[in-house]
Amino acid sequence: MNALLPDIATILPTLLGGLQISLTLTFFSLLFGLPFGMLFSFGVTADNKIFRYISVFFVEVGRGAPALVLLQLMYYGLPNVQITLTSLVSACLALVWTTAAYTAELIRGGIQSVPHGEIEGSDALGMSVRDRLRFIVIPQGMRIALPSLMGFAVLLFQATSLAYTVAVPELMSQAYSTGSSTFKYLPAFIAAGLLYAAISIPATWLSVLTEKRLSRHL
Amino acid sequence: MSHTAPTKIRNVVQVRNLAKAYGDNVVLRDVSLSVPEGSVTAMIGPSGAGKSTVLRCMNLLEKPDSGEIEIDGHVINARKKISPKNLAALRRSAGMVFQHFNLFPHMTVLRNISLPQERILGRSRDEANTKTMELLTRMGLGDKADHYPARCSGGQQQRIAIARALALGPRVMLFDEPTSALDPEVGVEVLEVMKELASEGMTMVVVTHEMGFAANVSNELVVMADGCIIESGDPRQIMSDPQHERTRRFLRAVLER
Ligand SMILES: Nc1ncnc2c1ncn2[C@@H]1O[C@H](COP(=O)(O)OP(=O)(O)OP(=O)(O)O)[C@@H](O)[C@H]1O
Ligand SMILES: [Mg+2]
């Protein structure tokens, strides 16, 4: 028991490689997920039927199905239809889908809370629909959605631990393999937990701070 | 005016047989109105009369069910398809000022006024900023250019909104209760600016509860009730000798307040 602290201290540095993979996975999921989230946020209320149906499908399935199910589907399911992806790519695809689905709703919420008066203001000036979106609706909608998007990013970072089920060597699987090879499960998982927290907690603070900063002009 | 000798004064705004309903609620019935160049038309009437709706139909913020709107030669007929180009031209000819200013809170005062000039008139940023500063200075707000709207008082925000509309060089300015959200002392600043605009010859349509402004600044008073114009003409004439019982009741209510 009294070896716990030194054990954590020795295991922790060996997990940093895993942390890096977790962060990379988070980064690429956001990089590709957010643009799709933005697209679907308009898609779910679009007049164009095909665009709307596709958007609703991706948003509903992405939110309805657990990320774990999407992940298993990409890795173990797709080979049944002759599509074989590496574990990293399938994990990334699943998390991109989840990200797009959740952020679509967050962005839509932000966009819908842009006060109607400002939209009328830009209409009365004679601004085009495109300019209205570009200069008024999207900047403000994103600003309103930003704190909750940052909150989502923290959850996504934690959700990358699911990728251990498809053998991506991220933080969780590194901790697991250290545990199973040394039987020091407790210090290994504590070390992993500390590393997740070391990223998540400051990131959460940052989102709160952002929220405060952004409400300055309102 | 039409039955006297032909004059050179032309109408900047003509509204013909405007009608609009929200479901079963008929809000406008056959409203027609002409606004001669350089004149100020004040519009009064009880709440729900349809004053805002007439004004909002003029620049198509609200789509009328039938009727025709002509502003500075741009004609829009409610029953025909409205081309985006025609709509843009009409809106460019009409500047609108709202009760709640409707400024863009995420932009500085300067950007609020310059951005529409760049996007709608195609001015360069320098040209737009020069025009903006000229207008702000005229409004006594030269020092506010780099502030965000939320840091300005209500009266300042409304003057900024007026400057934003003026910067596009409209042929007519439409005001929907521009002082109703302001304290009386602050409202005076805005009324002063409007009075100055009128004296410079700007054509204006003003929905207002400010009877002083209606009596002293406007050339024409339009009284609305239940979706109709029930009376219109010389402001002082109507105020001292209203022809319609509904007008009498409304004026009594306003003046007794
Ligand atoms: N978007 C809307 N949907 C449904 N009804 C509406 C809408 N806008 C206005 N109305 C109705 O139209 C009628 C006229 O409204 P309008 O705002 O033009 O009146 P107003 O003369 O400007 O009154 P006020 O002095 O209160 O501003 C009212 O009965 C109102 O309830
Ligand atoms: Mg009104």
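Treat the numbers as computed from the prediction; the structure is a model and nothing was measured.

**Quick word on the interface of chain B and chain A**
Contact with chain B, which involves 22 residues of that partner, is made by 19 residues of chain A. The contact between chain B and chain A buries some 1800 Å² in all, and 65% of this surface belongs to carbon and sulfur atoms. Taken together, the connections running from chain B to chain A amount to 2 salt bridges. Joining chain B to chain A, the criterion identifies 5 residue pairs in polar contact (both at pLDDT 80 or more). Counting residues per element, the ones that place at least two in the side of chain B that touches chain A are strand E6 (94-97), helix H3 (109-121) and helix H5 (154-166) of chain B.

**Overview of the nonpolar core**
Residues and elements named next belong to chain B. Among the nonpolar cores identified, the biggest contains 34 residues, and Ile 162, Met 173, Phe 175, Met 194 and Met 204 are the most heavily contacted of them. If near-sequence neighbours (up to four positions away) are discounted, Met 204 is found in contact with Val 35, Ser 39, Val 40, Thr 41, Val 172, Met 173, Phe 175, Met 194, Leu 197, Ala 198 and Phe 213. Of all hydrophobic cores here, the second largest spans 31 residues; its members include Val 12, Val 15, Cys 57 and Val 207.

**Description of the pairing of strand E9 (residues 220-225) of chain B**
Each regular strand carries side chains that alternate between the two faces of the sheet. Residue and element names in this part refer to chain B. With 5 of 6 residues buried, E9 lies mostly within the body of the structure. Sheet analysis places strand E3 (residues 40-44) next to E9, joined by 4 bridges and oriented parallel. The residue bridging Thr 41 from the neighbouring strand is Glu 220, located in E9. Pairing of E9 with strand E10 (residues 228-233), which is carried by 5 bridges, proceeds in the antiparallel orientation. Bridging across to E10, Val 222 finds its partner in Ser 232. Hairpin connection of E9 to E10: 2 residues between the antiparallel strands, including Asp 226 at a positive phi of 50 degrees.

**Section: helix H9 (residues 245-255) of chain B**
Within H9 of chain B, burial applies to Thr 247, Phe 250, Leu 251 and Val 254 of chain B. In an axial view of H9 of chain B, the angular spread of the buried residues amounts to 95 degrees, which keeps them on one side of the axis.

**Digging into the sheet that holds E6 of chain B**
All names here are of chain B. Pairing in this open sheet of 6 strands is mixed, and the strands run E6-E7-E8-E3-E9-E10 from one edge to the other. Edge strands, defined here as strands with exactly one partner in the open sheet, are E6 and E10. Ignoring which end each strand starts from, the neighbouring axes of this sheet average 20 degrees apart. Set on the sheet, helix H6 (residues 184-199) makes contact with E3, strand E7 (172-176) and strand E8 (203-207); between it and E8 the angle comes to about 145 degrees. Sheet contacts for H9: E3, E9 and E10; angle to E10, the most-contacted strand, approximately 80 degrees.

**Section: the pattern of salt bridges**
Residues and elements named next belong to chain B. Applying the stated criterion to the full structure yields 19 salt bridges over all chains. Across the pair Glu 200 and Arg 138 runs a salt bridge whose closest N-O atoms are separated by 3.3 Å. Here Arg 138 lies in helix H4 (residues 125-138) and Glu 200 lies in the loop between H6 and E8, a separation of 62 residues in the sequence. Here Glu 189 makes a salt bridge to Arg 159, at a shortest N to O gap of 2.8 Å. Of this pair, Glu 189 sits in helix H6 while Arg 159 sits in helix H5, and the two are 30 residues apart along the sequence. Linked by salt bridges that have partners in common, Arg 10, Glu 37, Asp 72 and Arg 171 make up one network.

**Description of the packing of helix H1 (residues 4-14) of chain A against helix H9 (residues 185-214) of chain A**
Pairs of packed helices are described in terms of their axes, by the angle between the two and the distance that separates them. Residues and elements named next belong to chain A. Interhelical geometry of H1 versus H9 gives an angle of 60 degrees and a closest axis separation of 8 Å. Taken together, H1 and H9 sit at an angle that is classed as oblique. For the pair H1 and H9, the sense of crossing is right-handed. Where H1 approaches H9, its residues Leu 4, Asp 7, Ile 8, Ile 11 and Leu 12 are matched on the opposing element by Leu 186, Pro 187, Ala 188, Ile 190, Ala 191, Leu 194 and Leu 195. For the contact of H1 with H9, a count of residues per class yields 11 nonpolar, no polar and 1 charged.

**Brief notes about the site of ligand 1**
All names here are of chain B. Near ligand 1 you find 13 residues, and of these Ser 47, Gly 48, Lys 51, Ser 52 and Thr 53 are the closest. Across the complex, the protein chains shield 60% of the 640 Å² of accessible surface that ligand 1 would expose by itself. For the shell around ligand 1, the secondary structure elements donating two or more residues are strand E2 (25-36) and helix H1 (51-58). If you tally residues by element for the shell around ligand 1, the top one is H1, at 3 residues. Per-class residue counts for the shell around ligand 1 are 4 nonpolar, 7 polar and 2 charged.

How each quantity is defined
Residues numbered from 1 in each chain as written. Chains lettered and ligands numbered in written order. Predicted model: local features only at pLDDT ≥ 70, side-chain atom pairs only at ≥ 80, totals over all residues. Heavy atoms only, no water. Contact = heavy atoms within 4.5 Å. Buried area = accessible area lost by both parts, 1.4 Å probe. Salt bridge = Lys/Arg side-chain N within 4 Å of Asp/Glu carboxyl O. Polar contact = N/O pair within 3.5 Å; in protein donor to acceptor, adjacent residues only side chain to side chain. Helix = DSSP H or I, 4+ residues; strand = E, 2+ residues; numbered from the N terminus. Core = buried A, V, L, I, M, F, W, Y, C linked by side-chain atoms within 4.5 Å. Buried < 20%, exposed > 50% of the residue type's maximum accessible area, 1.4 Å probe, protein only. Pairing = 2+ DSSP bridges. Arc of directions from axis to C-beta. Axes fitted to C-alpha atoms, helices over the stretch in contact; angles between N-to-C directions. Parallel < 35°, antiparallel > 145°, perpendicular 65-115°, else oblique. Left-handed = near helix turned anticlockwise from the far one by under 90°. Nonpolar A, V, L, I, M, F, W, Y, C, P; charged D, E, K, R; others polar. Near = heavy atom within 4 Å. Areas by Shrake-Rupley, 256 points an atom, 1.4 Å probe, with all protein chains shown as cover.

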